[in-house]
Amino acid sequence: MMLARDLHPGAWWLWAIGLAAAATFTLNPVALLLIWAVAALVVMSRRSEAPWAISFRLYVYLAVFVVVLRVVFRILFGTAATEADVIVLHLPQIPLPDAAAGIQLLGDVTLTALLSGLYDGLRLGAIVLCVGAANALANPKRLLKSVPPALYEIGTAVVVALTIFPQLAESVQRVNRARRLRGSPRRGVGVLRRVMVPVLEDALERSLTLAMGMDARGYGRSGRATARERLLTGLLMLVALFALSVGVYAYLDATAPRVLAVGGLSAGLVVAAAGLWSAGRRVERTRYRPDRWRAAEIITAGCGIAVAVGIDRAYALDPYAVISPLDGWPEVSPWVLAVIMVGALPAFLTPPPALDRGADPAPEARAEVVDA
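Note that this is a predicted model, so its numbers are computed, not measured.

Chemist: Report on helix 11 (residues 295-317), specifying residues and quantitative values.
Modeler: For helix 11, spanning 23 residues, the distance from its first C-alpha to its last is 32 Å, which sits close to the expected 33 Å at 1.5 Å a residue. What helix 11 keeps buried is the set A296, E297, T300, A301, C303, G304, V307, A308, G310, I311 and A314. Those residues of helix 11 hidden inside the fold are in contact with helix 1 (9-25), helix 12 (334-341) and helix 13 (346-349).

This is the structure in structure tokens:
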């Protein structure tokens with residue numbers, strides 16, 4: 001039996017990005033719903049009792065809202081129906097001025113428009129759900145510790161932005177719990193005001209506390225760098241940006257030689273790594289107990305990358321295997337389903353999360369800790 005421990009946050013983010021990338025390659029509702037299920041399964045089995053782990057439910061609500069919004073948008077702003085379209089709803093069309101020519105407000109709703117909105121919504125919802133899964137599984141503080149020194153300031157801003165939603169979710173739960181203890185009514189227009197004001201105050205207090213804590217720990221402090229070192233770092237970054245731009249252009253242009261694409265991308269990555277190393281020398285910081293990549297982290301990240309590469313290859317070999325027609329029932333290939341199911345392996349092949357020190361562990365968990 002595997003000992004409980006928290007995985008490297010980078011592994012969870014690579015896994016989630018892989019699932020999100022796979023969702024962008026497909027418009028098959030069966031495949032997209034399976035991605036939803038895989039993300040939910042892994043979160044339910046491997047999320048901890050940390051505050052950020054409770055935000056996944058809000059991401060589910062947000063994903064469902066995105067799907068409904070896309071369908072409603074297709075109903076409000078439909079397209080002109082043809083004789084071959086199947087009309088599922090007759091609505092009166094509202095005439096618009098000449099300045100809005102080409103836009104149809106209401107009117108006949110076709111089955112093609114509804115399915116197109118539904119599939120687009122499922123894809124956007126899957127991406128939202130993957131981001132929510134990474135937020136619920138990855139420890140943001142450990143993620144900030146793992147950011148390279150050259151990207152530390154950018155990483156701080158990104159991590160703070162990513163943790164806003166989990167903190168809001170925790171604040172809403174705490175405020176609702178306090179309201180229930182005071183016997184406040186659960187419904188009514190005034191409930192929104194009684195919840196929003198304390199949540200915003202709590203978010204402001206947390207931001208000030210975080211800023212004071214980061215300032216006390218020396219965040220933003222940089223080391224000394226000579227003018228020559230700063231010039232060298234700037235030149236390396238410019239050369240890397242130019243090489244990467246040439247490589248990406250050659251990769252996207254089918255008439256460009258492949259040597260130019262491979263050479264530009266390779267040279268750009270090497271020079272960018274040298275630039276990041278040079279820029280990181282002016283950031284002085286140390287790590288206490290740095291997170292290490294073990295077999296579980298490699299398996300988790302590999303599953304996400306395998307799903308993305310597998311769906312991409314399936315699209316390259318047969319686009320109809322991952323894109324459903326809008327005039328019939330969706331068909332899905334067993335190969336596509338098997339590839340997506342690879343993303344669920346971290347739910348079984350990774351250790352369970354470490355228990356929260358403030359929580360009362362279950363008897364089985366206490367016995368496991370004692371045995372360890």
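Chemist: Residues and numbers for the pattern of salt bridges, please.
Modeler: For the coordinates displayed, the defined rule picks out 5 salt bridges. We note a salt bridge from E297 to R5, for which the minimum N-O separation is 2.9 Å. Of the two residues, E297 sits in helix 11 while R5 sits in the segment before helix 1, which places them 292 residues apart along the sequence. Judged by its relative accessible area of 1%, E297 falls in the buried class. Note that R313 and D312 form a salt bridge whose closest N and O atoms lie 3.3 Å from each other. Classification of R313 by relative accessible area gives partly exposed; the value is 47%.

Chemist: Give me the nonpolar core: which residues, what numbers.
Modeler: Core analysis: the largest hydrophobic core is formed by 43 residues, its most contacted members being W12, W15, I35, W36, I311, V336 and I340. For this core, the secondary-structure elements that each account for two or more residues are helix 1, helix 2 (29-46), helix 3 (56-76), helix 4 (111-137), helix 11 and helix 12. Contact partners of I311, with chain neighbours within four places excluded, come to A22, F25, V322, V336, V339 and I340.

Chemist: An account of a nonpolar patch on the surface is requested, with residue identities and associated values reported.
Modeler: Taken together, V64, V68, V72, F73, L76, F77, I94, L96 and I103 make up a surface patch of nonpolar side chains, about 720 Å² in accessible area. With 5 residues, helix 3 is the single largest residue contributor to the nonpolar patch. Among the secondary structure elements, F77 is positioned in the loop between helix 3 and strand 1 (87-89).

Chemist: Quick rundown of the packing of helix 1 against helix 11? Include the residues and the values.
Modeler: Closest axis-to-axis distance for the helix 1/helix 11 pair is 7 Å, and the angle between their directions is 10 degrees. With respect to helix 11, the element helix 1 is oriented roughly parallel. Residues A11, W12, L14, W15, G18, L19, A21, A22 and F25 of helix 1 form the contact with helix 11, whose own contacting residues are E297, T300, A301, C303, G304, V307, A308, I311, D312 and Y315. A breakdown of the residues in the contact of helix 1 with helix 11 according to their chemical character gives 14 nonpolar, 3 polar and 2 charged.

Chemist: Tell me about the packing of aromatic side chains, and please be specific about residues and values.
Modeler: As enumerated under the stated definition, the model contains 2 aromatic pairs in all. An angle of 80 degrees between the planes, with centres 5.8 Å apart, marks the rings of W12 and W15 as edge-to-face. Residue W12 and its partner W15 are both found in helix 1; the two are separated by 3 residues, about one turn of the helix. Since its relative accessible area comes to 3%, W12 is described here as buried. Residue class for W15 comes out buried when judged on its relative accessible area of 0%. Centre to centre, the rings of F73 and F77 are 5.1 Å apart; their planes meet at 45 degrees, and the pair counts as tilted.

Reading the values: the criteria
- Residues numbered from 1 in each chain as written.
- Predicted model: local features only at pLDDT ≥ 70, side-chain atom pairs only at ≥ 80, totals over all residues.
- Heavy atoms only, no water.
- Helix = DSSP H or I, 4+ residues; strand = E, 2+ residues; numbered from the N terminus.
- Expected span 1.5 Å × (residues − 1).
- Buried < 20%, exposed > 50% of the residue type's maximum accessible area, 1.4 Å probe, protein only.
- Contact = heavy atoms within 4.5 Å.
- Salt bridge = Lys/Arg side-chain N within 4 Å of Asp/Glu carboxyl O.
- Core = buried A, V, L, I, M, F, W, Y, C linked by side-chain atoms within 4.5 Å.
- Patch = residues over 30% accessible without salt bridge, like charges linked within 9 Å, V, L, I, M, F, W, Y side chains within 5 Å.
- Areas by Shrake-Rupley, 256 points an atom, 1.4 Å probe, with all protein chains shown as cover.
- Axes fitted to C-alpha atoms, helices over the stretch in contact; angles between N-to-C directions.
- Parallel < 35°, antiparallel > 145°, perpendicular 65-115°, else oblique.
- Nonpolar A, V, L, I, M, F, W, Y, C, P; charged D, E, K, R; others polar.
- Phe/Tyr/Trp six-rings, centres within 6.5 Å; stacked < 30°, edge-to-face > 60°.

All quantities given are derived from atomic positions and should not be read as evidence of function.
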